[in-house]
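Survey of secondary and tertiary structure
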Amino acid sequence: MSEAIIQVKQLQCGYGDRIILRDVSFDVAKGEIITILGGSGCGKSTLLKHMIGLLPAPHGQVLIGGEDLIHASGETRQRILARIGVMFQSGALFGSLTVLENVMLPLAEYTALNADARETIARLKLRLVGLETFADFLPSALSGGMQKRAAIARALALDPQVLFLDEPSAGLDPFTSGELDALILQLAHSLHTTFIVVSHELASIFSIADRAIMLDKQTQGVLAIGPPLTLASHSDPRISHFFNRHIHS
Ligand SMILES: Nc1ncnc2c1ncn2[C@@H]1O[C@H](COP(=O)(O)OP(=O)(O)OP(=O)(O)O)[C@@H](O)[C@H]1O
């Protein structure tokens, strides 16, 4: 594997005393697209929240660009967080701001750029996701798929090395979901961004993922890591059934 941009080491995930996942370890190479999958409630979103520093972890490390986010504070933590962008399931655009203003927001918050420079960069990000002509629209005037693309443009504002997407296809029809997958692939190839995508959409997983990480609620850990096609024909039925059940449903 080429150089790891993310290293998760013996990470324990949970909420206070409630442990959801134990001893989670894996590496993500630069430019890789990784999907996190598994049955409902197995801890996909919880793992993602730990990896982006939203939840404290009592044990383990999440190294991003070689520095541990879990134990970092102050300027070090800010420096590590600047390497990542996040899009949550809802997209979470500010409804009272235009699409352009939404994308400019992180630039105002985290850089010293003047307004002209912020706007130029934000328009560039909107062009990357095919929304340059919708800059002055309010999010409510956009379709669901366009809102997701606008949220991705905002997550890209600070040129992150890693983009985390929590169920990007949620609420989208299969065609729009396919378009979003194409955008993710295009961004990964053109910007060399690394993607960590929480997903249970099998079509999407097969289309975008270099490797999938399958979590398991019962054992509270990682059941398997590998290319989706390899996992789909895995000898462990807990793994192969997950894929085949979805394929036939
Ligand atoms: N804020 C919270 N406090 C306590 N427990 C929580 C909290 N959020 C989620 N959980 C619990 O953590 C477990 C894992 O939830 P999580 O949302 O990470 O699963 P998931 O795999 O993303 O599920 P889904 O596919 O249904 O979205 C669940 O049992 C859930 O009830």
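In what follows, the structure referred to is the one given above.
To keep things clear, this report deals only with the structure shown in the data block. (Residues numbered from 1 in each chain as written. Predicted model: local features only at pLDDT ≥ 70, side-chain atom pairs only at ≥ 80, totals over all residues. Heavy atoms only, no water.)

Points about the site of the ligand
For clarity, the threshold we go by: Whether a residue is near a molecule or strand depends on its heavy atoms: it is near if one of them lies within 4 Å of it. Pairing of N or O atoms within 3.5 Å defines a polar contact, subject to two protein rules: one partner must be a possible hydrogen donor and the other a possible acceptor, and residues neighboring in sequence count only if both atoms are side-chain atoms. Every accessible area reported is derived by Shrake-Rupley at a probe size of 1.4 Å, with residue values counting cover from the shown protein chains alone. The numbering of helices and of strands both runs from the N terminus, where a helix is a DSSP run of H or I of at least 4 residues and a strand a run of E of at least 2.
Within the structure, the ligand sits among Y15, R18, I20, G39, S40, G41, C42, G43, K44, S45, T46 and E167. Contact between the ligand and G41: an oxygen atom at 2.9 Å from a main-chain N or O atom of the residue. Contact distances for the ligand include 2.5 Å between an oxygen atom and a side-chain N or O atom of T46. Protein chains shield 63% of the accessible area of the ligand, which is 640 Å² for the free molecule. Where the shell around the ligand is concerned, the elements lending two or more residues are β2 (18-29) and α1 (44-51).

Observations concerning the environment of V86
Our working rule: Partly exposed residues are those whose accessible area sits between 20% and 50% of the maximum for their type, while under 20% is buried and over 50% is exposed, using a 1.4 Å probe and protein chains only. In this description, contact between two residues means that some pair of their heavy atoms is separated by no more than 4.5 Å.
Position of V86 among the secondary structure elements: in strand β6 (residues 84-87). Its relative accessible area of 27% is what places V86 among the partly exposed residues. In this structure, the C-alpha to C-alpha distance between V86 and Y15, residues 71 residues apart in sequence, is 20 Å. Discounting chain neighbours no more than four positions away, the residues touching V86 are I52, A155, L163 and F164.

Remarks on the sheet that holds strand β5 (residues 67-68)
Basically, it comes down to this: Two strands pair under a simple rule: DSSP has to find at least two bridges between them. To obtain each axis, a line is fitted to C-alpha atoms, and for helices this fit is confined to the stretch in contact; angles are then taken between N-to-C directions over 0 to 180 degrees.
Spatial ordering of the open sheet is given by β2-β1-β4-β5, a layout of four strands whose pairing is antiparallel. Each having just a single partner strand, β2 and β5 make up the two edges of the open sheet. Pairing analysis gives eight bridges linking strand β1 (residues 4-15) to β2, with the strands arranged antiparallel. Counterpart to Y15 in the pairing with β2 is R18. Packed on one face of the sheet, α1 meets β1, β2 and β4 (61-64) and runs near 120° to β1.

Regarding the pairing of strand β7 (residues 162-166)
Rule in force here: Handedness of a crossover: with both strands directed away from the viewer, a clockwise path from the first strand across the helix to the second marks it as right-handed.
Most of β7 sits inside the fold, with five of its five residues counted as buried. In β7, alternate side chains face the same way, and those of V162, F164 and D166 on one face and L163 and L165 on the other are all buried. In the sheet, β6 pairs with β7 via four bridges, with the strands oriented parallel. When the bridges of β7 are listed, I84 appears paired with V162. Relative to strand β8 (residues 194-198), β7 is paired through five bridges, and the arrangement is parallel. By the bridge assignment for β8, L163 is matched with F195. For the crossover that starts at β7, traverses helix α6 (residues 174-191) and ends in the parallel β8, the hand is right-handed.

Topic: the environment of P227
If you trace the backbone, P227 turns up in the loop between β10 (221-226) and α8 (228-232). Looking at P227, the relative accessible area reads 37%, which means it is partly exposed. Spatially, the C-alpha atom of P227 lies 36 Å from that of F94, the residues being 133 residues apart in sequence.

Here we look at helix α3 (residues 99-110)
For α3, the full list of buried residues reads V99, L100, N102, V103, M104, P106 and L107. Buried residues belonging to α3 abut α4 (115-128) and α5 (144-155).

Things to note about unusual backbone geometry
Located in the positive-phi region is H192, a residue other than glycine, with phi close to 60°. Position of H192 relative to the elements: it lies in the loop between α6 and β8. Overall, the relative accessible area of 58% leaves H192 in the exposed class. With phi around 55°, Q220 is a residue other than glycine that occupies positive phi space. Looking at the secondary structure, you find Q220 in the loop between β9 (211-216) and β10.

Concerning the nonpolar core
We count it as follows: What makes a nonpolar core is a set of buried Ala, Val, Leu, Ile, Met, Phe, Trp, Tyr and Cys residues whose side-chain atoms join them at distances within 4.5 Å.
Counting 33 residues, the largest nonpolar core has L126, I152, L163, L165 and F195 as the members making the most contacts within it. Counting only elements with at least two residues in this core, the list comes to α3, α4, α5, β7, α6 and β8. Top element by residues in this core is α5. It accounts for six residues. Each residue touching I152, except ones within four places of it in the same chain, is listed here: M87, V129, L163, L165, L180, L183 and L187.

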